[in-house]
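# Commentary on secondary and tertiary structure
Okay, here's what each chain looks like letter by letter:
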Amino acid sequence: MSAEGPKPPTEAELAEMDRDQLVKLGGQLDGVEIVEYPTPWPVEGTRAEKRAERLVAFWFALSALAGIGFVVSLIWWPWKYEAPDNESGHFWYSLYTPMLGLTLGLAILGLGIGVILYTKKFVPAEVAVQQRTDADGAGSTEVDRATILAHLADAGSRSTIARRSLIKRSAIAGAGALGLAAAALPVASFIKNPWKDSESRDSLWHTGWKPNFPGEKVYLRTISGSIEEDVKEVRRVKAEDLDAGAMVTVFPYRDSEAHDEEKLNAALTRVDNPVMLIRLRPTDAAKVVKRAGQEDFNFGDYYAYTKICSHVGCPTSLYEQRTNRILCPCHQSQFDALHYAKPIFGPATRPLAQLPITVDEEGYLIARGDFIEAIGPAFWERKS
Ligand code: FES
């Protein structure tokens, strides 16, 4: 770029030059003619200048607050799952992810807008004309590098950043808070322990099939029609209720909640409660392959599998009697009901969790306990 024009200075001359001279020399060497190089605020301390300064500082400060808000939300916002029957808890829990997105987005946006505004309002916008030259491919010379650095330093100096402490402080706060937010992300995973309280009935490790107290019966109940009507009429399932080859969706019904309409309703709406109760045809039942450790989870020809797909959690609502396949309509995963509901087609990679069932002395089907594994898609350190 400096092949034509004035003669480049010697090293000694270059070392002697001040920044203004270097800026001028850089322009001459590049064949650049600076047409306009106005100082953005020629008169210091005007109201317009102060207003511009406050505007830039506002965005940096907003970025700082949002960055701190992100760190606070990430660590202290109620993040553990709360079932919908705990209205207030569920409300605050459901805002956890939106809060993270909102605060982090605002922190980045505020910093970005602050930088753009600062550049527009305080960095001089020069108008220059440069002749085109053919690059010789030799790379930048020492003179080029020195003059370019001088140009950059000059632009910084003319932007008057040195005397704008409000902008400097707010920019440092904004960038610092964002840095803090970035650092908090890996740290938070050491502070939060998803295994803590895993015994709680409402943790992700349990479903509504967990009894309220040891020994409580949890029946398999059906609904049809509207939830409001059926929540009052509890239809428990007896072993002889289903024809061979039939399937019905069942929900947990705890004795202790018999007169609590709210809890009955919650049992019908909690997402991890629905279970597919299948009665295999006797010829098919003879071909069943059971999962190791779950050999007694069925009752006779009755098998109960969660309806929550192990791919990404859609309801696996379809059971094809002829092939004994359970189908998930979302991404077409298929599970073999004769082979502990293991996936045989589609993106799902794990079997559907099986609910252990039996009958009580009156012939009603009951759960022998909760699922023994987390249902649905993988999360945290799932072992199956
Ligand atoms: S959620 Fe079932 S296949 Fe994707």
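Remember, it's a predicted structure, so these values are computed and weren't measured experimentally.

## So, the confidence of the model for the protein
For the protein, the average pLDDT comes to 86, and 92% of its residues sit at 70 or higher. Mean pLDDT across the elements of the protein bottoms out in helix α8 (residues 227–230) (68) and peaks in strand β7 (residues 302–306) (97).

## Description of the pairing of strand β3 (residues 218–222)
Among the five residues in β3, four count as buried, and that is most of the element. Relative to strand β5 (residues 247–254), β3 is paired through four bridges, and the arrangement is antiparallel. Paired with Tyr-219 across the two strands is Tyr-253, which belongs to β5. Summarising the sheet, β3 and strand β4 (residues 235–236) pair through two bridges and their orientation is antiparallel. For Arg-221, the partnering residue across the bridge sits in β4 and is Arg-236.

## Some details on the pairing of β5
Here β5 pairs with strand β6 (residues 275–279) via four bridges, running antiparallel. Residue pairing in the sheet places Thr-249 in a bridge with Met-276 of β6.

## Observations regarding the nonpolar core
Counting 39 residues, the largest nonpolar core has Leu-220, Met-276, Leu-277, Ala-304, Tyr-305 and Ile-326 as its most contacted members. When residues of this core are traced back to their parent elements, those giving at least two are β3, β5, α9 (261–269), β6, β7 and β13 (365–367). It is β6 that contributes the most residues to this core, four residues altogether. Apart from residues no more than four positions distant in its own chain, Leu-277 is found in contact with Leu-220, Val-237, Met-247, Val-248, Val-250, Tyr-302 and Ala-304. Counting residues in each nonpolar core, the second largest holds 21 residues, with Trp-59, Ala-61, Val-71 and Leu-111 among its members.

## Re the environment of Gly-346
Here Gly-346 is to be found in the loop between β11 (342–345) and β12 (357–359). Here Gly-346 falls in the partly exposed class, since 16 other C-beta atoms lie within 10 Å of it. Between the C-alpha atoms of Gly-346 and Glu-126, which are 220 residues apart in sequence, the distance is 61 Å. In this structure, Gly-346 is in contact with Cys-328, His-331, Gln-332, Ser-333 and Gln-334, ignoring residues within four places of it in sequence.

## A few points about the packing of helix α2 (residues 19–29) against helix α6 (residues 142–158)
Between α2 and α6, the shortest axis-to-axis distance is 8 Å and the interhelical angle comes to 120°. The pairing of α2 with α6 is recorded here as oblique in orientation. Crossing of α2 over α6 shows left-handed handedness. Residues Arg-19, Leu-22, Val-23, Leu-25, Gly-26 and Leu-29 of α2 touch α6, and the partners they reach there are Val-143, Ala-146, Thr-147, Ile-148, Ala-150, His-151, Ala-153 and Asp-154. Split into classes, the residues belonging to the contact of α2 with α6 amount to nine nonpolar, three polar and two charged.

## Points about the environment of Ala-15
Take Ala-15: it is sitting in helix α1 (residues 11–16). Residues Ala-15 and Ala-146, 131 residues apart in the sequence, show an inter-C-alpha distance of 9.6 Å.

## Focus on the sheet that holds strand β9 (residues 325–327)
Taking strand neighbours across the sheet as the criterion, the four strands line up as β8-β9-β10-β11 in an open arrangement whose pairing is antiparallel. The open sheet terminates on both sides in strands that have one partner only, identified here as β8 (318–320) and β11. Neighbour-to-neighbour, the strand axes of the sheet open up by a mean angle of 35°, direction not taken into account. Across three bridges, the pairing between strand β10 (residues 334–336) and β11 is antiparallel. Following the sheet pairing, Phe-335 is matched in β11 by Pro-343.

Quick notes on the rules
Residues numbered from 1 in each chain as written. Predicted model: local features only at pLDDT ≥ 70, side-chain atom pairs only at ≥ 80, totals over all residues. pLDDT = per-residue confidence, 0-100. Helix = DSSP H or I, 4+ residues; strand = E, 2+ residues; numbered from the N terminus. Buried ≥ 20, exposed ≤ 12 C-beta atoms within 10 Å, placed from the backbone. Pairing = 2+ DSSP bridges. Core = buried A, V, L, I, M, F, W, Y, C linked by C-beta atoms within 7 Å. Contact = placed C-beta atoms within 7 Å. Axes fitted to C-alpha atoms, helices over the stretch in contact; angles between N-to-C directions. Parallel < 35°, antiparallel > 145°, perpendicular 65-115°, else oblique. Left-handed = near helix turned anticlockwise from the far one by under 90°. Nonpolar A, V, L, I, M, F, W, Y, C, P; charged D, E, K, R; others polar.

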